[in-house]
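Breakdown of the fold
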Amino acid sequence: QTVEPILSVNNIEVIYDHVILVLKGVSLTVPRGGITAILGANGAGKTTTLKAISNLLHAERGEVTKGSIVFDGEEVQALSSNLLVRRGCIQVMEGRHCFGHLSVEDNLMTGAFTRKDGAAAIKADLDLVYDYFPRLKVRRTSQAGYTSGGEQQMTAIGRALMSRPKMILLDEPSMGLAPQLVEEIFEIVKKLNDEQGVSFLLAEQNTNVALRYAKYGYILESGRVVLDGEAAALRENDDVKEFYLGVG
Ligand code: ATP
């Protein structure tokens, strides 16, 4: 890669509760404007990797004990997750995490909390979110908790967009969704990447869909990267086919 990556994770170790070593030296990069996937089975360390980047581990008694994380040219390990959002890197958590009792639109507006620009700019971005997610416009006054799983995932991504991110860390966007909705969401991710230049790092157990939309993938097993490569090459790799794509 000749251009400086927007994110580089360099040989990080993560320990929970002072003793449980979960990431054993993980390195990865995301090129500016790229879509990169972290793949692997349940428990491989995908969520932990994303939380290490966005500094969300301490709530679970986890800490990065080695290595470095550089986002947009700056070492970010000492930054709180809110400061990181201000720098342009935001995580969409697994399981959507909408405020169930708030309307869809109020959920989206909570995403603008770090912004200091005016109401007009925020309104313009709300319209942009509705352009990408027309379903959310239809459902804007509905209580988020009563919308479908797909709509909640869209609300969670839309809320992240309201912070005007350069990069979104997307944890398991396909989880619990019907295949058609999974495609719909990944198509929107691709459009946001193409048209708005948002970079994505996504953690997915659904290797098949992830390797169709990402350009590059890292496969994690027990806290280590065991294989990485261009998505097209990974799709043709015999081990990936056998263990992750379900074709023997
Ligand atoms: P999933 O698809 O379930 O999110 P994952 O690949 O994202 O899986 P992680 O959630 O990062 O995996 O978990 C990696 C390992 O760390 C697992 O063995 C898990 O049991 C362990 N782990 C996760 N959170 C904690 C915690 N708070 N305390 C101790 N161990 C943890």
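Residues numbered from 1 in each chain as written. Predicted model: local features only at pLDDT ≥ 70, side-chain atom pairs only at ≥ 80, totals over all residues. Heavy atoms only, no water.

The name an unreviewed UniProt entry gives the protein chain is ABC transporter ATP-binding protein, with Tianweitania sediminis as the organism. In its Sequence similarities (unreviewed entry) section, the UniProt entry covering the protein chain states "Belongs to the ABC transporter superfamily." (UniProt positions renumbered as here; feature names shortened; annotations may be inferred.)

Phi at histidine 18 takes a positive value of approximately 70 degrees, unusual for a residue other than glycine. One can find histidine 18 in the loop between strand S1 (7-16) and strand S2 (20-30). Positive phi outside glycine occurs at aspartate 72, with the angle close to 50 degrees. By secondary structure assignment, the location of aspartate 72 is in the loop between strand S4 (62-71) and strand S5 (74-75). (Helix = DSSP H or I, 4+ residues; strand = E, 2+ residues; numbered from the N terminus.)

Moving on, we get to the packing of aromatic side chains. Under the definition given, this model contains 2 aromatic pairs. A centroid spacing of 5.2 Å and a plane angle of 40 degrees characterise the contact between phenylalanine 186 and tyrosine 213, whose relative ring orientation is tilted. Of this pair, phenylalanine 186 sits in helix H7 (residues 179-196) while tyrosine 213 sits in helix H8 (residues 207-213), and the two are 27 residues apart along the sequence. Like tyrosine 213, phenylalanine 186 is buried. (Phe/Tyr/Trp six-rings, centres within 6.5 Å; stacked < 30°, edge-to-face > 60°. Buried < 20%, exposed > 50% of the residue type's maximum accessible area, 1.4 Å probe, protein only.)

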